[in-house]
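# Per-entry structural report
Chain residues, written in single-letter form:
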Amino acid sequence: MDARDSMSNPAPILLSRRRLLAAGAVTLAGGTSAAQDAARELGPPRSPYGQRSPHETSARWFAPSPMPGSAASRTPLQDAVGIITPSALHFERHHAGVPALSPSTHELLVHGLVERPLVFTVADLRRMPSVSRIHFIECAGNSSREHEGRPAEDAQRSHGLLSCSEWTGVPLGALLREAGVRREAAWVVAEGADACRLARSLPIDKALDDVIVAYGQNGEALRPEQGYPLRLVVPGWEGNIHIKWLHRLQLSDQPAMSKDEAASYTDFMPDGRAQWFTFAMDVKSVITRPSGGQRLAATGFHEISGLAWSGRGRVTRVEVSADRGSTWQDATLSEPSLPKAFTRFTFPWAWSGRDTWLQSRASDDTGDRQPTREALVAVRGLLAGPDGFNHYNGIKAWRVRPDGTVSHV
Ligand SMILES: Nc1nc2c(c(=O)[nH]1)N[C@H]1C(S)=C(S)[C@@H](COP(=O)(O)O)O[C@H]1N2
Ligand SMILES: [Mo]
């Protein structure tokens, strides 16, 4: 082989002698395998709304819920490729079930400290200048079991209250300016049309910055579970404030102190006091492949792949360790790497067959770096609020055993 050959034909990564022989046999026999015969029969020519292949079974996971209407389901992050979560697999968190709302009767009221109270229909909003942006949504309580020291067995159960979609809608600032923001207005109280009328207050600066009143998700209308026909998307902030089934925005000089901001979704500190209004989700990452519940079929090359995100800005760096944290190396960040969105990272790894740990740690453009669990507990303590611990962003480790099985540490 001369130098030119080796340049145009880099060393094969996975090709084994067995694969090579099998491929040769098919060619010689004229391609008569059963799989190839099946592909020669005429299939259905078209369908009005596409379904995935019956061979694909990746699904949201949920435990039975004792409370009617209040439940969560988790995204199968271990199966994800790229940075967009299919709408059908977006995690769900409902406090009072999914209301059945019609876009022809649903309305959004803007009132309180405004010059002109206004009512928008969904059709009104669709006439206005629109934006489409890719953003993650993460429940504040995501991976709280890691904080407790009882890590879940796979990425879905440990980190699956987390998804990333392209959202389309009208900037909230544009709606507020239509109504005319009065000088005393400091907060916007957003309320959903579900049975519990879930409400959260957001500071006016954020409301006028990058918040979207969304009607679109991944190229079509929002799914009912995601707030059809209207939801708030509050880039980078905890999931709870992304009010679904949005029907009311009230401008006020003070926050509403609703249940979900005065009691739930607060951060308990070691002295027993709770912090209110801790909105942003901190920089975080998780290796999704290989991850808990998966199995490495062979030693040799495996691409390590995972997701990193920060509610404060852009992910600038992800480091990976494949030796129980002794050494860390930079992963490659896939394009696009957008602010307050998933960033996919990859790292080429050759597994020797040894028992080891795989870990990732992300940094963002504010200079924050994902802490170890020990460092986080040293600051935040082990006390959890009535609904668990919020805003946990510690480094996640997966253990690879000599038989190839991957589990939590
Ligand atoms: N109206 C309303 N909005 C809501 C909720 C809700 O129960 N009702 N749940 C909140 C919580 S706690 C989270 S984490 C996110 C989840 O959004 P998703 O179900 O689209 O993933 O929606 C938030 N918005
Ligand atoms: Mo949540």
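Note on numbering: residues in each chain are counted from 1, in written sequence order. All chains are assigned letters beginning at A, and all ligands numbers beginning at 1, according to the order in which they are written. Local features are withheld for residues below a pLDDT of 70 in this predicted model, meaning they are given only at 70 or higher, and side-chain atom pairs are given and counted only at 80 or more; totals for whole chains, interfaces and linings count all residues. With hydrogens and water stripped out, all remaining heavy atoms of the structure feed into the side-chain values.

## Some details on empty space enclosed by the protein
Formally: Each cavity reported here is a set of points on a 1 Å grid over the protein atoms alone in which a 1.4 Å probe fits but cannot get out, each pocket an open set with protein on both sides within 12 Å along at least five of seven lines, and each lining residue one with an atom within 4 Å of a point. Grid points are joined across faces, edges and corners, and a volume is the space filled by probe spheres set on the points. Amino acids outside the nonpolar list (Ala, Val, Leu, Ile, Met, Phe, Trp, Tyr, Cys, Pro) and the charged list (Asp, Glu, Lys, Arg) are all regarded as polar, and Gly is one of them.
Under the criterion given, the structure shown has 2 cavities of 30 Å³ or more. Of the pockets and cavities examined, the largest cavity occupies roughly 250 Å³. Lining the largest cavity are 20 residues, with Arg-93, Arg-231, Gly-239, His-242 and Lys-244 positioned closest to its centre. Taken together, the residues of the lining of the largest cavity break down into 7 nonpolar, 7 polar and 6 charged.

## Comments concerning the pattern of salt bridges
As a working rule, side chains carrying opposite charge can pair if their charged atoms are close by. Note the threshold: For salt bridges, the criterion is a side-chain nitrogen of Lys or Arg within 4 Å of an Asp or Glu carboxyl oxygen. Burial status follows relative accessibility: with a 1.4 Å probe on protein chains alone, a residue under 20% of its type maximum counts as buried, one over 50% as exposed, and anything between as partly exposed.
Counted under the stated rule, the structure contains 24 salt bridges. Put simply, Glu-184 and Arg-182 hold a salt bridge, and the shortest N to O gap is 3.2 Å. Look at Arg-182 and you get partly exposed, because its relative accessible area is 30%. Connected through salt bridges with shared partners, the residues Arg-317, Glu-319, Asp-330, Arg-361 and Arg-369 form a single ionic network.

## Let's talk about the packing of aromatic side chains
Put simply, the test is: Classification of ring pairs rests on two measures: the distance between centres of Phe, Tyr or Trp rings, Trp counted by its six-membered ring, which must be within 6.5 Å, and the angle between planes, read as stacked under 30 degrees, edge-to-face over 60 and tilted in between. Working definition: helices are DSSP H or I runs of at least four residues, strands are E runs of at least two. Numbering for both runs from the N terminus. By the criterion adopted, a ring carries a charge over it if an Arg CZ or a Lys NZ lies within 6 Å of its centre and within 35 degrees of its normal.
Per the counting criterion, the structure on display carries 5 aromatic pairs. Seen from their ring centres, Trp-309 and Phe-342 are 5.8 Å apart, and the 50° between their planes marks the pair as tilted. In this pair, Trp-309 sits in strand 16 (residues 300-309) while Phe-342 sits in the loop between strand 19 (332-333) and strand 20 (343-351), placing the two residues 33 residues apart along the sequence. For the pair shown, Trp-309 and Phe-342 are each scored as buried. Positioned above the aromatic ring of Trp-328, the side-chain terminus of Arg-361 is 4.1 Å from the ring centre. For Lys-396, the ring lying beneath its charged end belongs to Trp-398, and the centroid distance is 4.4 Å.

## What to know about the site of ligand 1
Note the threshold: For each residue, the test is whether any non-hydrogen atom lies within 4 Å of the molecule or strand; if one does, the residue is near. Pairs of N or O atoms are called polar contacts if they sit within 3.5 Å, as long as, within protein, a hydrogen donor faces a hydrogen acceptor (for residues adjacent in sequence, only side-chain-to-side-chain pairs). Where accessible areas are quoted, they stem from the Shrake-Rupley method and a 1.4 Å probe; at the residue level, only the protein chains shown are allowed to cover. What decides whether a molecule sits in a cavity or pocket is whether more than half of its atoms lie within 2 Å of the grid points.
By nearness alone, 20 residues border ligand 1, and Phe-91, His-95, Asp-194, Arg-231 and Lys-244 come closest of all. Residue His-90 places a side-chain N or O atom 3.2 Å away from an oxygen atom belonging to ligand 1. Here an oxygen atom of ligand 1 and a side-chain polar atom of Arg-231 are 2.8 Å apart. Computed on the free molecule, ligand 1 has an accessible area of 530 Å², of which 100% lies beneath the protein chains in the complex. With respect to the pocket detection grid, ligand 1 is positioned in the largest cavity.

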